[in-house]
Amino acid sequence: WSGVAKLLLAAGLVWMGHGLARAAGPEASAAPASGPVPVAALFQQHCAACHGEQRTGGMGPALLPESLERLRPAQAQQVIAQGRPATQMPAFGQTLSAREIEALSTWIRQPVSPAPTWSEADIRASRLEVAGARDLPDRPVWSADPMNLFVVVEGGDHHVSLVDGDRFEPIHRFASRYALHGGPKFTPEGRYVFFGSRDGWITKYDLWNLTVVAEVRAGLNMRNVAVSGDGKWVMAANYLPRNLALFDADLKLVKSFDAATLDGKSASRVSAVYDAAPRKSFVVAMKDIPEVWEISYDPKAEPIHDGYVHDYPMGEAIAKPGYLGARRTLLDEPLDDFFFDQGYRNVLGATRAKDDDTPTAQVVNLDIRKKIAELPIAGMPHLGSGITFGWQGTTVLASPNLKDGRIDVIDMKTWRTVTTITTPGPGFFMRSHEASRYAWTDSMMSPTARDTLTIIDKQTLQPVASVREPGRTLAHIEFTRDGRHALASLWEMDGALIVYDARTFQEVRRLPMSKPVGKYNVWNKITRSEGTSH
Ligand code: DHE
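An account of the accompanying structure is given in this report. (Residues numbered from 1 in each chain as written. Predicted model: local features only at pLDDT ≥ 70, side-chain atom pairs only at ≥ 80, totals over all residues. Heavy atoms only, no water.)

Another point: the overall build of the protein. Counting secondary structure elements, the protein contains 8 helices and 33 strands. Counting only residues that meet the buried cut, the protein has 60% of its 534 residues in that class. Put simply, of all contacts in the protein between residues at least 6 apart along the chain, 51% involve residues at least 24 apart. Only carbon and sulfur atoms are counted for the fraction: they give 52% of the accessible area of the protein, which is about 21200 Å². (Helix = DSSP H or I, 4+ residues; strand = E, 2+ residues; numbered from the N terminus. Buried < 20%, exposed > 50% of the residue type's maximum accessible area, 1.4 Å probe, protein only. Contact = heavy atoms within 4.5 Å. Areas by Shrake-Rupley, 256 points an atom, 1.4 Å probe, with all protein chains shown as cover.)

Below, the structure is given as structure tokens:
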């Protein structure tokens, strides 16, 4: 996603950069002004205790090229010099010279040699369990509708808030792992939620008893987690190492899967894993190899017959069990960023391999394991944040676009674009609800329109209104269980959760929050509402 990275940097959306308060440079220390800086020794002396001798993280985050891709060099230097407010990261501006800080910020971007590893034994050894947390009562200790609860991820100071979706009042707030990414995933009854951090930590949290239950580090650089529709399995997608890790619901490792081609010659970063509940399987997007994987958690799954698509030799793979085995669909090029139809028969993925400027979308039918359609698509679609809704007797998909203020609306029967809606600028997220006539989208990638949410009529496919927070960033919407309110993020360190009436678009409530990157309604998630991400 190099093109995506450039866009994110241009828009200032760098997750490692949260919390930078002042712009002053480091103060010089008495260190010599020339000659080589003993940077490895400096790291061991000042940084290794928290960030790990191999830079794989500890109390502080991992400092590996893979995890620093989106941190600007100047910001890295600021963090080293000034520390990070509300965290354990101290300021080194008085201890280290500007040259030393610059050298350190460059050095941490070099690959660690030998490359850090994270084995199954490391995963198992990392697991933590809170004593007694598994035996707590089977009902909430708070009084609110547990189905209309909002889980809000506050990226500014790495916390999570739980908000009553009827009264719009906070219920609880707790510290999360550093830099959560992707939507938290819920068990089917809505009691437990799983969070994934960029550094590879998965946290299982009991929403009813307000406690962490268990944690495990699945990888060194992780993309996201998925929870099976039956709540029994958790899968993690990793960039580093290049694999998938499968856990039971207590976060005990069951097995890992190397993300490699069948001949073992090419390994891939794993872009993301998705739960396809109606199929009883996980579907996996690969960054570097032209394959889509499906890993069934149905004990009755058919045996795997890897050889029948394209050219893999038949005999060898036929006998593999289908249950918890990786079934591959071979493609012509890698597909990234998936969107599924509501039945999970077809997956739409974007191709970015050739040229970031001219992506196409491909539709793969997961039953026949073949590409069935290809369509040009505007800008750089962010399919993961797309929604579906009924329109003129068919179902359409609309997805935000990271590059342009254009939203393609695609007919999911013919896979043709029915219209392109213009917004004030490129955006990241789009949301609606079955009970609402409107879809809401942001323009947070636009320097001039990042303060605007555009409200689109799902019948006319026209923008009908907008709400603004002048000069500030507004993004990520989620509806209440009944669809009557839309909650948006004032995406600033001194930000807020803003509750709008979903019919009049008037603000009804504002709760202060620290960069609330995303919010998730329990009911909409566990019922897989068509207006939200799953
Ligand atoms: Fe995300 C979800 C990929 C950058 C915030 N993001 C997802 C998902 C994927 C994805 C595949 C869906 C998985 C899931 O929810 O389990 N994100 C990517 C990228 O490839 C990209 C563009 C580059 C990267 O560095 O990974 C990227 N994402 C960002 C950000 O910069 C954001 C805005 C801030 C941040 O905290 O990192 C960001 N991504 C989010 C959020 C979700 C998400 C809040 C969940 C949305 C939801 O409502 O479900």
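There is more to say after this.
Among all protein atoms, only His 181 (NE2) binds the iron atom of the ligand, sitting 2.2 Å from it. Note on placement: His 181 falls in the loop between strand S4 (169-175) and strand S5 (185-186). (Donors = N, O, S within 2.8 Å, 3.2 Å for Na, K, Ca; no water.)

Next up on the list: the sheet that holds strand S11 (residues 243-248). In spatial order, the strands read S9-S10-S11-S12; together these 4 strands make up an open sheet with antiparallel pairing. Among the strands making up the open sheet, the edge pair consists of strand S9 (221-227) and strand S12 (253-258). Adjacent strand axes in the sheet meet at a mean angle of 20 degrees, parallel and antiparallel pairs treated alike. Pairing analysis gives 5 bridges linking strand S10 (residues 233-240) to S11, with the strands arranged antiparallel. Directly across from Val 234, in S11, lies its bridge partner Phe 247. (Pairing = 2+ DSSP bridges. Axes fitted to C-alpha atoms, helices over the stretch in contact; angles between N-to-C directions.)

Moving on to the nonpolar core. The biggest cluster of nonpolar side chains holds 27 residues, and the ones touching the most others in it are Val 151, Val 160, Leu 162, Phe 186, Phe 195, Tyr 205 and Leu 207. When residues of this core are traced back to their parent elements, those giving at least two are strand S2 (149-154), strand S3 (159-164), strand S6 (192-196) and strand S33 (516-521). With 3 residues, the single largest contributor to this core is S2. Discounting residues that sit within four places of it in the chain, Phe 186 has contacts with Val 151, Tyr 192, Val 193, Leu 207, Val 227, Tyr 520, Val 522, Lys 525 and Ile 526. (Core = buried A, V, L, I, M, F, W, Y, C linked by side-chain atoms within 4.5 Å.)

What follows covers the pairing of strand S7 (residues 201-206). With 6 of 6 residues buried, S7 is to be regarded as a mostly interior element. Neither face of S7 is open: one carries Trp 201, Thr 203 and Tyr 205, the other Ile 202, Lys 204 and Asp 206, and all of them are buried. Taken together, the 5 bridges between S6 and S7 define a ladder with antiparallel strand orientation. Across the sheet, residue Phe 194 finds its bridge partner in S7, namely Lys 204. Between S6 and S7, which follow one another and run antiparallel, lie 4 residues, and Gly 200 among them has a positive phi close to 100 degrees. Here S7 runs beside strand S8 (residues 211-217); their pairing, made up of 6 bridges, is antiparallel. Bridging across to S8, Asp 206 finds its partner in Thr 211. Between S7 and S8, which pair antiparallel in sequence order, lie 4 residues; one of them, Leu 210, sits at a positive phi of approximately 55 degrees.

As a packed pair, helix H4 (residues 73-82) and helix H5 (residues 98-107) sit with axes 9 Å apart at the nearest point and diverge in direction by 125 degrees. Our classification of the angle between H4 and H5 gives oblique. Between H4 and H5 the crossing geometry is right-handed. In this structure, H4 uses Pro 73, Ala 76, Gln 77, Ile 80 and Ala 81 to contact H5, whose residues at the interface are Ile 101, Glu 102, Leu 104 and Ser 105. Residue composition of the contact of H4 with H5, grouped by class: 6 nonpolar, 2 polar and 1 charged. (Parallel < 35°, antiparallel > 145°, perpendicular 65-115°, else oblique. Left-handed = near helix turned anticlockwise from the far one by under 90°. Nonpolar A, V, L, I, M, F, W, Y, C, P; charged D, E, K, R; others polar.)

One pass over the structure, following the stated rule, counts 13 aromatic pairs. Judged by centre distance (5.6 Å) and plane angle (20 degrees), the rings of Tyr 274 and Phe 338 are stacked. In this pair, Tyr 274 sits in strand S13 (residues 270-276) while Phe 338 sits in strand S17 (residues 336-340), placing the two residues 64 residues apart along the sequence. Considered together, Tyr 274 and Phe 338 belong to a single accessibility category, that of buried residues. (Phe/Tyr/Trp six-rings, centres within 6.5 Å; stacked < 30°, edge-to-face > 60°.)

The contact between helix H2 (residues 39-51) and H5 brings their axes to 10 Å, and the two run at 95 degrees. Accordingly, the angle class assigned to the pair H2 and H5 is roughly perpendicular. Residue-level contacts link Val 39, Ala 40, Leu 42, Phe 43 and Cys 47 of H2 to Glu 100, Ala 103, Leu 104 and Trp 107 of H5.

Geometrically, the link from Ser 113 to Pro 114 is a cis peptide bond, its omega value of -5 degrees lying close to zero. Within the secondary structure layout, Pro 114 lies in the loop between H5 and helix H6 (120-126). Pro 241 follows Leu 240 through a cis peptide bond whose omega is -10 degrees. Position of Pro 241 among the secondary structure elements: in the loop between S10 and S11. Not every positive phi belongs to a glycine, and Leu 324 is a case in point at roughly 55 degrees. A residue is classified by how much of its surface remains accessible, and Leu 324, at 11% relative accessible area, is buried. You will see that Tyr 344, though not glycine, has its phi angle at about 60 degrees, which is positive.

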